[in-house]
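Inside the fold
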Amino acid sequence: MDLVTFGEAMVRLSAPPDQRLEQARSFDAYAGGSELNVAVVAARLGVKARWVSRLPDNPLGRMIAARAVEQGVDAQVEWTPDGRVGLYFLESGAAVHISSVVYDRAGSAFSRIAPGDVDWTAVFKGARWYHVSGITPALSDGAAQVTRESLGAAKNAGLTVSYDLNYRVKLWTAEKARAVQEPLLEHVDVLVIAQEDARLVFASDSPESLAQRFNLSAVAMTLRDNPCSAIVLADGERHLAPRHEVNSVDRIGAGDAFTGGLIVSRLEGRSWNETVRFATATAGLKHTIPGDFCLIHRGDVERLLQ
């Protein structure tokens with residue numbers, strides 16, 4: 001196993017592109033969640049990926065796990081009779097109307113996870129990289145404690161650790177996000193962060209200041225003025241990706257596609273300059289694909305880079 005990720009996945013219900021949620025009579029159903037999305041794109045690009053989660057033993061939980069397995073992901077799920085699958089509803093934007101999301105995830109099975117539920121020694125055996133995002137500790141105090149537990153175990157096991165801040169204003173305030181996550185970052189090697197999130201949570205949009213503040217090996221910052229461009233600061237040097245202009249069909253999961261591309265590139269021994277180019281190309285392709293998963297192959301990325 002090369003990569004391990006940990007986090008919640010939900011069922012996404014998307015209204016038709018030309019309708020608001022209150023108008024919709026039907027919805028397209030997808031499975032998705034930040035860390036699962038990362039595992040899926042990594043698996044499709046040839047990396048052995050494992051996703052660790054907790055799901056209710058019901059048809060919706062089994063649907064999510066099946067979608068992960070279909071994409072080549074090793075789904076390590078704790079099945080539980082309690083809780084529920086989280087849902088979220090997507091209303092796509094057009095013209096001056098921006099896209100919006102409505103969450104229905106309170107009381108999910110994953111949010112009830114507790115320290116000691118996961119055997120991290122077994123999960124990390126043979127792995128080289130661990131990834132989690134800031135959505136996970138935002139879900140509950142228990143999830144935050146297990147996130148800290150997992151990060152410590154990953155470092156003790158000698159894995160490279162990446163962390164996507166992934167700030168969600170609908171889950172917690174910037175102040176609480178900062179207070180909970182600052183201690184977590186002591187275990188992190190590579191921080192992935194959107195420029196806007198860096199400003200909101202850490203009052204800084206400088207990769208250099210973040211790297212120094214949290215003693216990070218690398219900071220990958222995606223640029224909000226163009227979501228298909230990014231800066232990576234590593235070894236004291238900035239690496240800037242070329243901009244990809246895309247006609248966005250579905251931007252959800254593009255940040256996860258970026259992270260997956262970054263992890264795959266580094267696991268394959270690419271330079272940071274090559275890595276940021278590969279990761280932004282992967283993110284650009286995700287914008288053209290409906291659903292949370294970045295359903296691409298390596299040849300798609302190579303053709304865009306060329």
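Read on for an overview of the structure. (Residues numbered from 1 in each chain as written. Predicted model: local features only at pLDDT ≥ 70, side-chain atom pairs only at ≥ 80, totals over all residues. Heavy atoms only, no water.)

**Focus: the sheet that holds strand β4 (residues 49–56)**
The nine strands are arranged β5-β4-β1-β8-β9-β10-β11-β12-β13 in an open sheet whose pairing can be described as mixed. Each edge of the open sheet carries a strand with a single partner, namely β5 (74–80) and β13 (237–240). If you compare each strand with its neighbour and ignore which way they point, the axes differ by 20 degrees on average. For strand β1 (residues 3–6) and strand β8 (residues 129–133), the ladder comprises three bridges, and the chain directions are parallel. For Thr5, the partnering residue across the bridge sits in β8 and is His131. Contacts from helix α2 (residues 59–70) reach β4 and β5 within the one sheet, and its direction differs from that of β4 by about 175 degrees. (Pairing = 2+ DSSP bridges. Helix = DSSP H or I, 4+ residues; strand = E, 2+ residues; numbered from the N terminus. Axes fitted to C-alpha atoms, helices over the stretch in contact; angles between N-to-C directions. Contact = heavy atoms within 4.5 Å.)

**A word on the packing of aromatic side chains**
The description of an aromatic ring pair rests on the distance of the ring centres and on the angle between the ring planes. Counted according to the given criterion, the structure contains eight aromatic pairs. Plain terms: the ring middles of Phe6 and Trp120 are 5.2 Å apart, the flat faces sit at 90 degrees to each other, and that makes the pair edge-to-face. Taken together, the residues span a long stretch of sequence, with Phe6 in strand β1 and Trp120 in helix α3 (residues 120–123) at a distance of 114 residues. Like Phe6, the residue Trp120 is buried in the burial classification. Put simply, the rings of Phe6, Phe110, Trp120, Phe124 and Tyr130 touch in pairs and so form one group of aromatic residues. (Phe/Tyr/Trp six-rings, centres within 6.5 Å; stacked < 30°, edge-to-face > 60°. Buried < 20%, exposed > 50% of the residue type's maximum accessible area, 1.4 Å probe, protein only.)

**Let's talk about helix α5 (residues 141–156)**
Here α5 spans 23 Å end to end across 16 residues, near enough to the 22 Å set by a 1.5 Å rise per residue. Gly142, Ala143, Ala144, Val146, Thr147, Ser150, Leu151, Gly152 and Ala154 are the residues of α5 that are buried. Residues of α5 that are buried make contact with β1, α3, β8, α4 (135–138), β9 (160–164) and α6 (174–184). Residue Gly158 follows α5 closely and has a positive phi angle near 85 degrees. (Expected span 1.5 Å × (residues − 1).)

**Things to note about the nonpolar core**
Trp51, Ile64 and Leu262 are the most contacted members of the largest nonpolar core, which has 53 residues in total. Counting residues in hydrophobic clusters, the runner-up holds 44 residues, among them Phe110, Ala127, Ala143 and Ala198. (Core = buried A, V, L, I, M, F, W, Y, C linked by side-chain atoms within 4.5 Å.)

**Re the sheet that holds strand β2 (residues 10–14)**
Overall, mixed pairing links the four strands, which are arranged β3-β2-β6-β7 in an open sheet. The sheet is open, and its two edges are formed by β3 (28–32) and β7 (100–104), each paired on a single side. In this sheet, neighbouring strand axes are inclined to one another by 25 degrees on average, regardless of whether the strands run parallel or antiparallel. In this structure, strand β6 (residues 87–91) lies alongside β7, joined through five bridges in antiparallel fashion. Bridged to Phe89 within β7 is Val102. Relative to the sheet, α2 contacts β2 and β3, its axis offset from that of β2 by approximately 90 degrees.

**Here's the deal with the packing of α5 against α6**
In the contact formed by α5 and α6, the axes pass within 10 Å of each other and the chain directions differ by 25 degrees. One element, α5, and the other, α6, form an angle in the roughly parallel class. The two elements α5 and α6 cross, and the hand of that crossing is right-handed. Contacts between α5 and α6 pair Asp141, Ala144, Thr147, Arg148 and Leu151 from the former with Lys176, Val180, Pro183 and Leu184 from the latter. Partitioning the contact of α5 with α6 into residue classes produces five nonpolar, one polar and three charged. (Parallel < 35°, antiparallel > 145°, perpendicular 65-115°, else oblique. Left-handed = near helix turned anticlockwise from the far one by under 90°. Nonpolar A, V, L, I, M, F, W, Y, C, P; charged D, E, K, R; others polar.)

**Concerning the pairing of β4**
Where a strand is regular, its side chains alternate between the two sheet faces. Where burial is concerned, most of β4 is hidden: eight out of the eight residues are buried. Neither face of β4 is exposed, since Ala49, Trp51, Ser53 and Leu55 on one face and Arg50, Val52, Arg54 and Pro56 on the opposite face are all buried. Examined bridge by bridge, β1 and β4 share four bridges and lie parallel to one another. Each residue of the ladder has a partner; that of Val4, found in β4, is Arg50.

**With respect to helix α9 (residues 254–267)**
The periodicity of an α-helix, 3.6 residues per turn, causes residues three or four places apart in sequence to face the same way. Counted at 1.5 Å a residue, the expected span for α9 with its 14 residues is 20 Å, and the 20 Å between its end C-alpha atoms agrees. With twelve of its 14 residues buried, α9 lies for the most part within the structure. For α9, the set of buried residues is Ala254, Asp256, Ala257, Phe258, Thr259, Gly260, Gly261, Leu262, Ile263, Val264, Ser265 and Leu267. Gly269 sits one or two residues past α9 and shows a positive phi near 80 degrees.

**Observations regarding the packing of α9 against helix α10 (residues 272–286)**
Axis separation between α9 and α10 bottoms out at 7 Å; the angle between their running directions is 145 degrees. Classified by chirality, the crossing of α10 by α9 is right-handed. Of α10, the residues touching α9 (which contributes Ala254, Ala257, Phe258, Gly261, Leu262, Ser265 and Arg266) are Trp272, Thr275, Phe278, Ala279, Thr280, Thr282, Ala283 and Lys286.

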